[in-house]
Every structure is written in C-alpha cells, then in structure tokens.
Amino acid sequence: MTNDDICLRMGHVIRETLKCGPVVVTRATQAGDVRGWDSLSHTMILLQIENSFGVRLPIERMYEMKNVGELVDVVAHQLAGKGRTT
Amino acid sequence: MKQTVLLYGNCQGAWLSKTLNRDPRVQSEFDMVFLPSYGEIPADHPIHRPNFLSTCSWFLFQVSSDTKLPACYRSLPKTCRKIGFPLLSMKLFWPLHTLDPRNNPEPSYPLGRYPYGDRLVLRLLEQGTAPRDVATRYCETNLRQFIDLDRYAEICFAELQLIDRKADIALAPVIERGFRTNRFFGTINHPSVELLTELTAGLLSALLDVTPLTVTSRSDGYRFDIGDLEIPLHPQIIQHFGLTWATPEIRYRYLLESLTTAEYLHAYASFRPVLSPY
C-alpha cells in the first residue's frame, strides 16, 4: 500500500468517524480544517485508523502529529514493521 | 502589595479563577485575572492595558495534549512564575461523542439544543430508525462491533498521563483510581465540583506555598457547576468499565429537565426543545 493509498483510506475513515460531509483530506490537512475534528474526537479518529489499517499507533506520537501527512507516515511505518496487530 | 495572577483557560479555568478568588488568603495576597482561551476577549480586559503583562507575577495556564499558549505568554516577565494545570476531560465515558450537524445556536439554546452529539444515534436515524425506537436500538447495539473498548481506554488514560507530564499538577491518578466509583464528569469536558476541588487545592498549594495536605479541600459531592447539561452513557460503557455510580435509576440534568437515559435519547433523537432557562 502506497502512502497515497493510505491517505485516501484515511480520508474515508476521518469522514466516516466525524460525519463531516465530503471534505477532501490531503497530507496537508490539519485537524482544524475538518469540521468536528477537535481534541475530543481525536482519540476516536486514531482508534478507527488503527482498526482500519490493522496497526497499533505509538501512543507517544499520537498527540504530536501536526497534519494528516505525518499520520500517514506513522501508519506506513507501522504497516512496514512492528506495529501490525494482524 | 498584591501579586497579579493571570489564569488562562477554558470554562474550567473560569471556574477555578472564581473559586480561588473566594479563598480569603488569595483575596488578601493576589489579584486574580482570568483570560479566556475561547471566544473574544472583552475590550475592557486588563490584558489590553499597555503594561499589564509586566505586572504579572504568576501565570496559571491550562495544559492539554496539544497546548497552544496565548501570544501574551512571550511578553510575561522572566520572573513570572508559570504553573500548568491539566485540562480535564473524560473521553472514556463518551466514545460516541461527535458534533451533530443539526445543532446550531438558537436564542433559547446559546450552544444549540444538543451540543453533545452522538454518532450512534445519528447512524440509527440515518438508517431510518424512528426517534421513538432509537433508545432501545441504541442500548441494544454492541459497541464492540466498532470500538475496541480496552484499547480506547488505554489511549484515553495515556492522554491524561501525557497532560499530567506537561503540567505541574497531576490529576490522572485521581481520575484513574476513582472513575468507577465517583461521578467525576457530567459531560465529556465538564468535570464535577469534586474533581475541580482537587485542582483548586493543587493551585492553592502552588500560590500559597503550602503542601496540598494543609489546604482545606472540601468535597461537594458530584455536583456539576459548569454548564447545565449531563449526558447519559451507553449501557455497555457502564458495564464494561464497572461504573458503580451509574445506577439504573440515575437521571441526567438537561437544562431544566431531569431525564432517564431513554428519555434523553428520545429527546435527542427527535431533537426536541428541552425546557430552557435562557
């Protein structure tokens, strides 16, 4: 799975979790760009990303990522290595 | 001469500022100024005075997992003592929390009728469930189909611990120890007076240079002073985490009404206007 594929699927997960309508999610997207993506919904988005990709995100990185691109890179790293749950 | 304390935070910060100001020792030694982290800062706020920041001896600020300090932070004098206190939230109880697209401010509902939306209710409505049937179907839905509750709890508590590490006052251990038996939260971001009192004690001990044990910390039980909404929990959350305070008889205050879980879900699903004081 390429990083672009991950980003596409991540966009779907974010839209489904937040029910925020047809917002376009790119690597540059930040939480503030998406309606409903605030600190209260962030944890659920991360959990749904874990479920969707079958990975465990490192907790110490969960709250320091600045945009979707960084999240994509973390998922890609987990998919390639140790972070897989399945 | 009194020392100026600038306290920065959300509605929890406003509550802390007011409560600290009631303490006679604080009144005699400090001038407490609250700086809201939300909305517009009023034109007559002291922060707009040219030399105000240079007079601040203390900066008490709310810490979250992604703390953004106000621009004025850099203008505080080097001698200003800075104390971070944790932003309190309880995502664990409301994993389905979301913004409801139907919700908009109205004259009688400044935050909208239902500022705390629920993804499962919205999904049931999308699937064509009649509002009168939502409560039953909601309670029957197995959350484990789409949420790993134990992993969710792990992440929620890790965030509380992360906030504690960034702050000077730690409350995660209090929450983790007591959330099963104490009703610490009325909504995802509104803690009880009991929990806020713990935070007040921590701030008092910092300001007055006393150990928390010597601070008079009075518990007022599970009263909710911030906001006038309490949101029911999904029964599976109550069962899975063994929340003994959430008894079957529990009613939830919603503006001027007191609702059971089923009554609340029916009202929310149908977007009924609840009796409002506004």
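About the cut-offs
- Residues numbered from 1 in each chain as written.
- Chains lettered and ligands numbered in written order.
- Predicted model: local features only at pLDDT ≥ 70, side-chain atom pairs only at ≥ 80, totals over all residues.
- Helix = DSSP H or I, 4+ residues; strand = E, 2+ residues; numbered from the N terminus.
- Buried ≥ 20, exposed ≤ 12 C-beta atoms within 10 Å, placed from the backbone.
- Contact = placed C-beta atoms within 7 Å.
- Rg over C-alpha atoms; globule rule 2.2 N^0.38 Å.
- Core = buried A, V, L, I, M, F, W, Y, C linked by C-beta atoms within 7 Å.
- Domains from an automatic or database assignment.
- Nonpolar A, V, L, I, M, F, W, Y, C, P; charged D, E, K, R; others polar.
- Arc of directions from axis to C-beta.
- pLDDT = per-residue confidence, 0-100.
- Expected span 1.5 Å × (residues − 1).
- Axes fitted to C-alpha atoms, helices over the stretch in contact; angles between N-to-C directions.
- Parallel < 35°, antiparallel > 145°, perpendicular 65-115°, else oblique.
- Left-handed = near helix turned anticlockwise from the far one by under 90°.

## Re the overall build of chain A
And then number 1: Within chain A, the secondary structure is distributed over three helices and zero strands.
And then number 2: Listing the helices and strands of chain A from first to last along the sequence gives α-α-α.
And then number 3: Projected onto the principal axes, the alpha-carbon positions of chain A cover approximately 35 × 25 × 20 Å.
And then number 4: Here chain A holds 86 residues, and the buried ones make up 34% of them.
And then number 5: Considering only contacts in chain A between residues 6 or more positions apart, those separated by 24 or more positions represent 56%.

## Regarding the overall build of chain B
And then number 1: In terms of helices and strands, chain B carries nine helices and 10 strands.
And then number 2: Relative to its length of 278 residues, chain B is compact, with a C-alpha radius of gyration of 20 Å against a globular reference of 19 Å.
And then number 3: Summarising its shape, the C-alpha atoms of chain B cover approximately 65 × 40 × 30 Å along the three principal directions.
And then number 4: Looking at the 278 residues of chain B, the share that counts as buried comes to 35%.
And then number 5: Within chain B, counting contacts between residues at least 6 apart in sequence, those at least 24 apart form 62% of the total.

## Here's the deal with the nonpolar core
Soluble, globular proteins show a tendency: their nonpolar side chains are buried together.
And then number 1: Formed by 83 residues in total, the largest nonpolar core has its most connected members in Met 10 of chain A together with Leu 7 of chain B.
And then number 2: Each of domain 1 (1-87) and domain 2 (88-191 + 228-278) of chain B accounts for three or more of the residues forming this core.
And then number 3: Once residues lying within four places of it in the same chain are set aside, the contact partners of Met 10 of chain A are Val 25, Ile 49, Val 68, Leu 71 and Val 72 of chain A.

## Considering the interface of chain B and chain A
And then number 1: Taken together, the contact between chain B and chain A spans 22 residues of the former and 15 residues of the latter.
And then number 2: Taken together, the elements giving at least two residues each to the side of chain B that touches chain A come down to strand S5 (97-98), helix H3 (119-126) and helix H5 (149-166) of chain B.
And then number 3: It is H5 of chain B that contributes the most residues to the side of chain B that touches chain A, seven residues altogether.
And then number 4: Classifying every residue of the side of chain B that touches chain A gives 10 nonpolar, six polar and six charged.

## Regarding helix H9 (residues 261-270) of chain B
In an α-helix, one full turn covers 3.6 residues, which means residues spaced three or four apart are oriented alike.
All names here are of chain B.
And then number 1: Three or more residues of H9 are buried, namely Thr 261, Tyr 264, Leu 265, Tyr 268 and Ala 269. Looking straight down H9, one finds that the buried residues subtend no more than 125° of arc, so they occupy a single side.
And then number 2: In the core, the buried residues of H9 are packed alongside strand S6 (117-118), H3, helix H4 (131-140), strand S9 (252-254) and strand S10 (257-259).
And then number 3: Residue Phe 271 follows H9 closely and has a positive phi angle near 60°.

## Considering unusual backbone geometry
And then number 1: Not every positive phi belongs to a glycine, and Lys 19 of chain A is a case in point at roughly 50°.
And then number 2: Despite not being glycine, Leu 255 of chain B has its phi angle at roughly 55°, a positive value.
And then number 3: Relative to the elements of secondary structure, Leu 255 of chain B occurs in the loop between S9 and S10.

## What about the domain arrangement of chain B?
All names here are of chain B.
And then number 1: In terms of domains, chain B is made up of domain 1 (1-87) and domain 2 (88-191 + 228-278).
And then number 2: When each unit is reduced to the centre of its C-alpha atoms, the spacing between domain 1 and domain 2 is 30 Å.
And then number 3: No other element matches the four residues that strand S4 (residues 81-86) contributes to the side of domain 1 that touches domain 2.

## Let's talk about the confidence of the model for chain B
All names here are of chain B.
And then number 1: In this model, chain B carries an average pLDDT of 92, and 96% of its residues clear a pLDDT of 70 or more.
And then number 2: Mean pLDDT across the elements of chain B ranges from a minimum in S5, with 91, to a maximum in H4, with 98.
And then number 3: Scored below 50 in pLDDT, residues 213-220 makes 13 contacts in the model with residues more than four places away or belonging to other chains.
And then number 4: Our summary of model confidence lists the complex with pTM equal to 0.88 and ipTM equal to 0.84.

## Considerations on helix H7 (residues 193-208) of chain B
And then number 1: For H7 of chain B, which comprises 16 residues, the first-to-last C-alpha distance of 21 Å matches the rise-based estimate of 22 Å (1.5 Å per residue) to within 8%.
And then number 2: Every buried residue of H7 of chain B is listed here: Glu 194, Leu 195, Leu 196, Glu 198, Leu 199, Thr 200, Gly 202, Leu 203, Leu 204 and Leu 207 of chain B.

## Let's talk about the packing of helix H1 (residues 11-22) of chain B against H7 of chain B
Residue and element names in this part refer to chain B.
And then number 1: The N-to-C vectors of H1 and H7 enclose an angle of 60°; their axes lie 10 Å apart at closest approach. On the basis of their axis angle, the class for H1 and H7 is oblique. As H1 runs across H7, the sense of the crossing is right-handed. Contacts between H1 and H7 pair Gln 12, Trp 15, Leu 16, Thr 19 and Leu 20 from the former with Leu 196, Leu 199, Thr 200, Leu 203 and Leu 204 from the latter.
And then number 2: In terms of residue class, the contact of H1 with H7 is made up of seven nonpolar, three polar and no charged.

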